[in-house]
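Secondary and tertiary structure notes
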Number of protein chains: 4
Amino acid sequence: MMQPFLAHPFDSDRLHEECGIFGVIGVADAANFVALGLHALQHRGQEAGGIISHDPGTGFNSAHRFGYVRDNFTKQSTMETLPGPLAIGHVRYSTAGTKAAPAIRDVQPFFGEFAMGGCAIAHNGNITNADALRRELIERGSIFQSSSDSECIIHLMARSIQRNIPERMKDALRRIEGAFSVIAMTRTKLIGVRDPLGVRPLVMGRLSDGAYVLASETCALDIVGAELVREIEPGEMVVISKGEVESSRPFGPSTGRFCIFEHVYFSRPDSIIGGRSVYETRRQIGVELAREAPVEADLVCPVPDSGTPAAIGYAHESGIPFGMGIIRNQYVGRTFIEPTEQIRNMGVRLKLNVNRALVKGKRVVLVDDSVVRGTTSRKIKDMILDAGAKEVHFRIASPPTAWPCFYGVDTPERSKLLAANMSTEEMRDWIGVDSLSFVSLDGLYRAAGEAQGRNNSRPQYCDACFSGDYPVAPFDQLQRGFHMKPGSETASATDHAAE
Amino acid sequence: MMQPFLAHPFDSDRLHEECGIFGVIGVADAANFVALGLHALQHRGQEAGGIISHDPGTGFNSAHRFGYVRDNFTKQSTMETLPGPLAIGHVRYSTAGTKAAPAIRDVQPFFGEFAMGGCAIAHNGNITNADALRRELIERGSIFQSSSDSECIIHLMARSIQRNIPERMKDALRRIEGAFSVIAMTRTKLIGVRDPLGVRPLVMGRLSDGAYVLASETCALDIVGAELVREIEPGEMVVISKGEVESSRPFGPSTGRFCIFEHVYFSRPDSIIGGRSVYETRRQIGVELAREAPVEADLVCPVPDSGTPAAIGYAHESGIPFGMGIIRNQYVGRTFIEPTEQIRNMGVRLKLNVNRALVKGKRVVLVDDSVVRGTTSRKIKDMILDAGAKEVHFRIASPPTAWPCFYGVDTPERSKLLAANMSTEEMRDWIGVDSLSFVSLDGLYRAAGEAQGRNNSRPQYCDACFSGDYPVAPFDQLQRGFHMKPGSETASATDHAAE
Amino acid sequence: MMQPFLAHPFDSDRLHEECGIFGVIGVADAANFVALGLHALQHRGQEAGGIISHDPGTGFNSAHRFGYVRDNFTKQSTMETLPGPLAIGHVRYSTAGTKAAPAIRDVQPFFGEFAMGGCAIAHNGNITNADALRRELIERGSIFQSSSDSECIIHLMARSIQRNIPERMKDALRRIEGAFSVIAMTRTKLIGVRDPLGVRPLVMGRLSDGAYVLASETCALDIVGAELVREIEPGEMVVISKGEVESSRPFGPSTGRFCIFEHVYFSRPDSIIGGRSVYETRRQIGVELAREAPVEADLVCPVPDSGTPAAIGYAHESGIPFGMGIIRNQYVGRTFIEPTEQIRNMGVRLKLNVNRALVKGKRVVLVDDSVVRGTTSRKIKDMILDAGAKEVHFRIASPPTAWPCFYGVDTPERSKLLAANMSTEEMRDWIGVDSLSFVSLDGLYRAAGEAQGRNNSRPQYCDACFSGDYPVAPFDQLQRGFHMKPGSETASATDHAAE
Amino acid sequence: MMQPFLAHPFDSDRLHEECGIFGVIGVADAANFVALGLHALQHRGQEAGGIISHDPGTGFNSAHRFGYVRDNFTKQSTMETLPGPLAIGHVRYSTAGTKAAPAIRDVQPFFGEFAMGGCAIAHNGNITNADALRRELIERGSIFQSSSDSECIIHLMARSIQRNIPERMKDALRRIEGAFSVIAMTRTKLIGVRDPLGVRPLVMGRLSDGAYVLASETCALDIVGAELVREIEPGEMVVISKGEVESSRPFGPSTGRFCIFEHVYFSRPDSIIGGRSVYETRRQIGVELAREAPVEADLVCPVPDSGTPAAIGYAHESGIPFGMGIIRNQYVGRTFIEPTEQIRNMGVRLKLNVNRALVKGKRVVLVDDSVVRGTTSRKIKDMILDAGAKEVHFRIASPPTAWPCFYGVDTPERSKLLAANMSTEEMRDWIGVDSLSFVSLDGLYRAAGEAQGRNNSRPQYCDACFSGDYPVAPFDQLQRGFHMKPGSETASATDHAAE
């Protein structure tokens, strides 16, 4: 099965966010808002989506489907089955690692009926001690319905001895290690929580009529016309009910380490993260790159669409003209199903065509967001040279990706990451370009607004995929034999494990 | 039913090409090549597509489907039903005018069994005397299966007294008025023809192994790896068989008047028309616009994606920074089917979001390709101002669209064209922007490579949509009461009608 | 692909009617009546069906679908697309002979737009000179859309020089040889015609409100609550309009020779043919068989369901108890699609199970309607013996089927008909039963109400499949090398061919 | 939604078995056998079906689908996903009582992962204390996924403190009240259990190669070619592994009270129950009826197909001729989806037609299996009289149905049962027939092989639907206010409830 064409034409050679979440309370037909919000978050997960709503008359209702939000959650006939003023939803990326075909019962939100009423949850992130928790829960008599790590949360809640759902959720989340942003709902409450490090994003917005929204990114507030109130803070839980927002801190005081890759690739450029425009960060990465790695050339050309803001920055800073040297086919929005050999082999050409007239005879600076396996960088280079470019200079808007992510991002295993196995010069040689430069880690931090660059003693972001510095020990992975970078400490994880 | 998001976010407010055609001879599994070629031409028609192939063993085989090429013509199981070394295909845009739901029997290529064997044809263009021809053919006993004007061609061929298929085709096309590029096939021949004015495009390519390709645009040669040989000339017919290309001129000598709107919007930017890069023409329109209509501003922002090349040209010529002030949602590639009221009302937000952080407080030059009804220009202006822009200056990369096209392009009737009813200043006021400028007709011709601009006594292009100067009289339309511009002559049409 | 379970469990080893037709005029929502009528005629064709209706507002509308009437023509959403007071329909059996997959454009009714308006036709029967007609029509410039012989009729009508549609239809049908019952409609008229021999059935009914119905069988009148008026006579055309029925005889005087196999197997037992109950004829065949071929036995057991009436007659006449020794599975109403090897091999057991407790130790008379290839007779015998029956005596409710039908019935070629190659004793031996008897041709005629049996000089029925006596020469088949029974004359065919 | 046509044409006015179960161990591709077995048991449940298989390589695999077995579980592509030598399956009837649309997660078999490995179960019957058990389990932290009472079993097993799965199942079933036949599987074992009274059926068969089968009825052994070993006894559990069958009696000694309605209607006539042919029992009921309620008449006619054996018996005993006076349409095997008003109103005619020629002028004995609401008895009487019958005498092959079943059969509430509200004479009058007789309870017992009739002090069967004598107290129903027949005792239930 070929991969769909997402933000990047060779999306199968990118890192992937594994989900987007959205919830709303206090509006008529809340599920319609959730559908719109999930549509705006579709870049965070394309495999499947689900919505659960609550209506005083019919109780909890749900729909879980494979495919795009626009295909599943826009029809009148579907949306009528999801009535009520309170609803949450989830879009999901298919993780590469699972052997089996995707199953509808792995699609969130998950639901559990407790003695005090029902609860639905949608989880973005990854539980690093999920295997151990699952074993323990099964031994106690819980029956798992999915292969998802997120299902642990609902079983932990079912077994909690607390008397109301928000307290049961705190109880459960204190057993969880890893990264999580969670949106949950009861019959009357909308709940949002972020893990103590705030690795995954979560924002709160207000609709004009006083109703509230929780969402992974601000672009999902824009689509429903909600005003950004603020981000949920690392380690914070909010419970929204009857127009009131209650905040608490179930995990004690903590300092955030937000995922810096959200700035590089995951988030939409029109989202605001930590008060900063993602588009502007990306454009500024291009500026940093132009300063760190200048080159004499005739054209700055992005790998569309994710490389565009950095290419604009690079062109502006360097004074080299910006041009669309690669044109994408607008109609590759979906997977080709069981294609013929011949069509499968066309791979690249199905998605892109080089603008030969523009590129021919030129020295081209090609700006891309990241290098993962590197195979697609080679193919793009080939296309540009075939079209008659004189030189190709690759400029990458992120540092070398050398470590897997265990916090809700789908990464190849370490041995398949090009930067884990080669120096930059070896990579340049292997890809076959005239020059290759990555933005520095400090340059990236500066572009993200940290004027002094990375604070190495207390890093402002989670940058484990670049640095190997994991803020939470990946418990299950260590059990399976993963080796961390020598000398790395992850005190916070140990603390959690001690519980 | 909402419109899909094509090259322009408000594609329903654009003019539309009504089809793309592709044919190949001399390769194993020709239908695979046709599928790829049609995929590259998908922007010329998204409603439906069809492929007919011929195999010595099983004869002619066909498949006609609604929807995208990638969804219908990539599966092994479908392509296996289309064997053989010779195949042609067609993608079709749904014309707005028809009252009825689209019918599969209107999907081309059409096929007819004649006494000397079968023939399939794919037609891009419009027959301006189709109503009259249909009446005549029915009176003689022909039974029409479709509502398509193109079906006349195959019935005229069936009734021709000529002894072979190419001669029957010449016979038939001499009765046809209007614009047409046709690709046809017999059991052993691939045929291409363009009308005497060459209004619609048609190019010939060669595959490395000596096999030949005919296609609407060069981007479809690129995808199959074919080398551009040349354009089929206005009034030329080519018959390709056993590796030989025979050329003839069934309509006598003629001078071409190619459709200039192909440069403005229809063709893909990576195609080459008349030896000229479409991307470069569009970029150059931006340069012309910056010269003809300069303005003091802080940001040049395209309406994505069709406005991007002209915006790059405008920014480069004016020195004002270029930026992506409007971000499109990548997942709006298809129509929303029977959406809820609420989702339908979201219209714009489903497709676009303004990059608020970039636009806020700025004087913005917004570059768009054309203005048809003008309603979407207003919506985009609203979005930009809501996001806090200080001024909005619209720059349009084509002259005012004031006349309908009758040559294979779907246009609203004249009364609905904004420029048919208002002066530029009235339009500026109605749209509500600080300034509004269209590139001049001469500026457009210059950008398209005519250094002296338009030759008003013998115009180099068909520009009827801008000028009202129709090179072929629209016979059926005149019968229905259409009034041409006072004083316009269309000698060639009269000649044809006399036959 | 396995065959569905129809009236007989091994329906793939039966002869098949190729279609059922139905039309109605003068009621609101005529298409609903057609759907019901076709549902009642579903046993005459299960592959596909179509309905065309006419409404003064929207003109002619049509729907053609593969599959059962109940699945396609009952939904509100479909039926709403078929408005108006006049409609005709057709159900179709898939003929075994065609190499290609079934195509929707072969599904009737067919439609043609003539200068004086549209016309739709539904044809039951077979045109024995269709190949020759098709060649002639193509040479004159007609373009065929289907592979159906019935399409000739509409092209002949399109070319007729008559001024109204009923006259054009007469003109066309005079060129046709073979068997045909046709229901047609214009904007205002419902038309019914039977060929001069009246081989295929056609009846007229009246609805309580004065509206009229035409149908293949009376069971289709019952379902819509219509009262039987009379059969359309051999060689008669009726034109129904504004509540009036006009009758004419376009082919001159003629004597009917109705298909006797309709009594044996094709028609439903609750239909009335020629004033006679089909059930009663079948029961009476059992009586004749008991007289012609008595046997000492303990149980008379039908092969369900088609053998049941004759088994009841045999049991009653012989005094041997009647019992359901074979039980069919109610849920085999459809084909198994791409089954696994193992499931395909289960063949018989998927459809039937022997009632072991009843059959064990008994001498069983097994009554079946006919023997075609004979393979299934062997399988049924095996099942009965495996269940412990002591003796098996086959009694067949028709004479040996030794000749193919060319009048609208799907028959294997002659070499595959068991009775064309073996004597009755050879068949008994090959099938492996204790005794085997077929009803005599005279016995069959007596059961059908002809007290004197068959009039060999002027046979009352078409019985070509038993006798080899073809009332119309099969022109196309003779061209392809079919050999008729030595000495057979078919004067009527020669007359037609002379036209 | 209209009801499908099952064994009885007005199946919506019958009592319904709620499921059929099947399991096999020791064969290649066990799931294929399960598909065949479920196809043979389709009359026990048509709404949905599921199969779970185990393969040492891929573990447990499952498929659950709405619709018929033949449509879902025959395709190669589906069956390939269910590999392995061990599999169980379930077909399910949709219970009328649930408000919500059917959900795929209510489709069995259910699966649970325990600490010692996975277990799948398929349940036929009804748990009469399910509500109470569910409340208790939720309070302890179990999360229910379905609305099915059967899910309690798997949660009880998950919480059992026993160390292996068969012991956990015994533990769980001792908490269950009501009727149950269960087939379960672990990775290596096939398990079958019947409740102490053996209300629902379960048989064991052996395949020729030593592999074993468990099934609801013997007709499912026939289809896979298995030989009947014996019935699982009331209160017995068998565990089959490595070719060995271990039997135990987890509930202590017990005497069976098998459901007598299985003989009347639920089971297929070709099944053997308790060593007795169901067909023969039904035929014998007809004999008893002819003795108990003779009448002067001309024709004995069954309501097809379920009334046929009793009608044959009645005709034989009375000497009145047997005939098919009602003909069913073979093509009503499925529901009509969203039909038009007109088609819905046709109700009866879509399914049946009266054989007018046979019935006209006759005194008809109409034999039907049971009377539930009685509405359809009236409709059938109307049809027969409309066709010209002189008299109609209804003979019913079961006693009056006056009490609901709580043991796995879908019955209307008591107030809707005709016999709960009227005497036989009142029913005769209301239905509008010349005479009406039900077989007596003793006559039914005699026909079922109990020569002395019912033993009123220790009834041999469960006949609660006729007698109101419930062998297990319906705990949940009593909580909801159901009133049992005054003076009834249900000692066994009390014992269970005491646990």
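Each chain has its residues counted from 1, following the order in which its sequence is written. Going through the entries in the order they are written, you letter the chains from A and number the ligands from 1. Totals for whole chains, interfaces and linings use every residue, but because this is a predicted model, local features are given only for residues with pLDDT of at least 70 and side-chain atom pairs only at 80 or more, for both listing and counting. Only hydrogens and water are set aside; all other atoms, that is, all heavy atoms of the structure, feed into the side-chain values.

Our focus in this paragraph is the pattern of salt bridges. Throughout this description, the term salt bridge denotes a Lys or Arg side-chain nitrogen within 4 Å of a carboxyl oxygen of Asp or Glu. Under the criterion given, the structure shown has 108 salt bridges over all chains. With a shortest N-O distance of 3.8 Å, Asp222(B) and Arg356(A) are connected by a salt bridge. In this pair, Asp222(B) sits in helix H7 (residues 219–224) while Arg356(A) sits in helix H13 (residues 356–359), so the two residues belong to two different chains. Ionic pairing is found between Glu167(D) and Lys170(D), a salt bridge with its closest N-O pair at 3.2 Å. In this pair, Glu167(D) and Lys170(D) are both assigned in helix H6 (residues 165–173), three residues apart and thus about one turn of the helix distant. Glu167(D) gets classed as partly exposed once you look at its relative accessible area, which sits at 30%. Here the salt bridges do not stand alone but share partners, grouping Arg44(A), Arg200(A), Glu217(A) and Glu262(A) into one network. We count a stretch as a helix when DSSP gives it H or I for four or more residues in a row; a strand needs E for two or more, and each element gets its number in order from the N terminus. Burial classification: accessible surface area is computed with a 1.4 Å probe over protein chains only, and a residue below 20% of its type maximum counts as buried, one above 50% as exposed, and the rest as partly exposed.

In this analysis, two residues are considered to be in contact whenever any of their non-hydrogen atoms come within 4.5 Å of each other. At the interface, 63 residues of chain B touch 63 residues of chain A. Summing both partners gives a buried area of about 5300 Å² for chain B against chain A, and 59% of it is carried by carbon and sulfur. Our count for the contact surface shared by chain B and chain A stands at two salt bridges. Here a polar contact is recorded for every N or O atom pair within 3.5 Å, except that within protein the pair must consist of a potential hydrogen donor and a potential acceptor, and residues adjacent in sequence are included only if both atoms are side-chain atoms. Across the contact surface, chain B and chain A share ten residue pairs in polar contact (both at pLDDT 80 or more). Among the elements that take part in the side of chain B that touches chain A, helix H1 (residues 30–40) of chain B stands out by supplying six residues, more than any other. Residue classes follow a fixed rule: Ala, Val, Leu, Ile, Met, Phe, Trp, Tyr, Cys and Pro count as nonpolar, while Asp, Glu, Lys and Arg count as charged, and any other residue, Gly among them, counts as polar. By residue class, the composition of the side of chain B that touches chain A is 30 nonpolar, 19 polar and 14 charged. Summed over both partners, the accessible surface that disappears when two parts come together, traced with a 1.4 Å probe, is what is meant by buried area.

Residues and elements named next belong to chain D. In short, DSSP must find at least two bridges between two strands for them to pair. Where strand S3 (residues 48–55) meets strand S4 (residues 59–66), eight bridges bridge the pair, whose relative direction is antiparallel. Note that in S4 the partner of Gly 49 across the bridge is Arg 65. Between S3 and S4, which pair antiparallel in sequence order, lie three residues.

With that out of the way, let us pick up the sheet that holds strand S12 (residues 227–231) of chain C. All names here are of chain C. Spatially, S4-S3-S5-S2-S11-S10-S12 is the arrangement adopted by the seven strands of the open sheet, whose pairing is antiparallel. The open sheet has two edge strands, strand S4 (59–66) and S12, and neither has a second partner. Averaged over all adjacent pairs, the angle separating strand axes in this sheet is 15 degrees, with direction ignored. To get an axis, fit a line to the C-alpha atoms, keeping to the stretch in contact for a helix; angles then go from 0 to 180 degrees between the N-to-C directions. Along the sheet, helix H1 (residues 30–40) contacts strand S2 (19–25), strand S3 (48–55) and strand S5 (86–92); its crossing angle with S5, the most-contacted strand, is approximately 25 degrees.

Quick look at unusual backbone geometry now. Backbone torsion omega between Gln108(B) and Pro109(B) reads 0 degrees, so that peptide bond is classified as cis. Summarising the element assignment, Pro109(B) is placed in the loop between strand S5 (86–92) and strand S6 (110–114). If you check the backbone angles, Lys242(A) has positive phi at about 50 degrees while not being a glycine. Topologically, Lys242(A) is positioned in the loop between strand S13 (237–241) and strand S14 (244–248). One non-glycine residue, Asp29(B), lies in positive phi territory at about 55 degrees. Examined against the element boundaries, Asp29(B) turns out to sit in the loop between strand S2 (19–25) and H1.

Moving on to the UniProt feature "binding site: [4Fe-4S] cluster" (unreviewed entry) in chain A. Residues and elements named next belong to chain A. According to UniProt, the positions carrying the feature "binding site: [4Fe-4S] cluster" (unreviewed entry) are Cys 259, Cys 405, Cys 462 and Cys 465. Their sequence span is 207 residues, while the largest C-alpha to C-alpha distance among them is just 10.1 Å; these annotated residues converge on one region. Relative to the helices and strands, Cys 259 resides in strand S15 (residues 258–259). Residue Cys 259 is classed as buried on the basis of its relative accessible area, which comes to 7%. Apart from the residues lying within four places of it in its own chain, the contact partners of Cys 259 are Val 199, Arg 200, Phe 266, Tyr 461 and Cys 462. Turning to its location among the elements, Cys 405 is positioned in the loop between strand S22 (391–396) and strand S23 (409–410). UniProt positions are given in the numbering used here, feature names are shortened, and annotations may be inferred rather than shown by experiment.

So, about the arrangement of the chains. Chain C makes no contact with chain A, the minimum C-alpha separation between the two being 14 Å. Separating chain B from chain D is a minimum C-alpha gap of 14 Å, and the two share no contact.

Let's shift gears to the interface of chain D and chain C. Contacts between the two partners involve 64 residues from chain D, matched on the other side by 64 residues from chain C. On the chain D side of the contact with chain C, Arg70(D), Gln330(D) and Tyr331(D) bury the most area, a combined 15% of that side's loss. The interface formed by chain D and chain C contains two salt bridges. Here chain D is connected to chain C by ten residue pairs in polar contact (both at pLDDT 80 or more). The element contributing the most residues to the side of chain D that touches chain C is helix H1 (residues 30–40) of chain D, with six residues. Of the residues assigned to the side of chain D that touches chain C, the class counts are 31 nonpolar, 19 polar and 14 charged.

All names here are of chain C. Pairing is parallel in the open sheet, where four strands are placed in the order S18-S21-S22-S24. The outermost strands of the open sheet, each flanked by one partner alone, are strand S18 (299–302) and strand S24 (435–438). Going from strand to strand, the sheet's axes swing by 20 degrees on average, the running direction of each strand aside. Helix H10 (residues 308–318) contacts S18, strand S21 (363–368) and strand S22 (391–396) of the sheet and is inclined by roughly 165 degrees relative to S18.

To continue, consider the packing of aromatic side chains. Note on aromatic contacts: the rings of Phe and Tyr and the six-membered ring of Trp form a pair at centre separations within 6.5 Å, being stacked when their planes are under 30 degrees apart, edge-to-face when over 60 apart, and tilted otherwise. By the definition in use, this model includes 47 aromatic pairs over all chains. Seen in terms of ring centroids, Phe322(C) and Phe322(D) are 5.3 Å apart; in terms of plane orientation they differ by 35 degrees. Their pairing is tilted. Of this pair, Phe322(C) sits in the loop between H10 and strand S19 (326–328) while Phe322(D) sits in the loop between helix H10 (308–318) and strand S19 (326–328), which puts the two residues in different chains. You'll find Phe322(C) and Phe322(D) in the same group, each marked buried. With centroids separated by 6.4 Å and ring planes inclined at 85 degrees, the aromatic side chains of Trp403(C) and Tyr470(C) adopt a geometry described as edge-to-face. With Trp403(C) in the loop between S22 and strand S23 (409–410) and Tyr470(C) in the loop between helix H18 (464–467) and helix H19 (475–479), this pair connects stretches of sequence that are 67 residues apart. By relative accessible area, which is 8% here, Trp403(C) ends up buried. Owing to a relative accessible area of 0%, Tyr470(C) belongs among the buried residues under this scheme. Site record: aromatic cluster; members linked through ring pairs are Trp403(A), Phe406(A), Tyr407(A), Tyr470(A) and Phe482(A).

Right, let's talk about helix H4 (residues 130–140) of chain A for a bit. What H4(A) keeps buried is the set Ala130(A), Leu133(A), Leu137(A) and Ile138(A). Looking down the long axis of H4(A), one finds its buried residues gathered within 130 degrees of arc, a one-sided arrangement. For H4(A), exposure combined with an orientation more than 90 degrees from the buried face picks out Arg135(A) and Glu139(A). For H4(A), the secondary structure elements touched by its buried residues are strand S7 (117–127), helix H5 (151–159) and helix H19 (475–479) of chain A together with strand S6 (110–114) of chain D. Gly141(A), located one to two residues past H4(A), shows a positive phi value of around 110 degrees. The arc under discussion is defined with respect to the helix axis, by the directions toward the C-beta atoms.

A word on the relation of the copies chain D and chain C. Superposing chain D onto chain C requires a rotation of 180 degrees together with a translation of 0.0 Å along the rotation axis, leaving an RMSD of 0.0 Å. Both copies are brought into coincidence by an operation consistent with a two-fold rotation axis. Taken as a fraction of all interface residues of chain D, those also at the interface in chain C reach 100%, which identifies the copy contact as same-surface. When the copies are overlaid, the least-squares fit takes in C-alpha atoms only where the residue has pLDDT of at least 70 in both copies.

When the sulfur atoms of two cysteines come within 2.5 Å, that pair is taken as a disulfide. Under the definition given, this model contains zero disulfides over all chains. In this structure Cys219(A) is a free cysteine whose sulfur lies 15 Å from that of Cys19(A), the closest cysteine sulfur available. For Cys219(A), a relative accessible area of 1% corresponds to the buried category. Between Cys301(C), a free cysteine, and Cys219(D), which holds the nearest cysteine sulfur, the sulfur-to-sulfur gap is 18 Å. Residue Cys301(C) is classed as buried on the basis of its relative accessible area of 0%.

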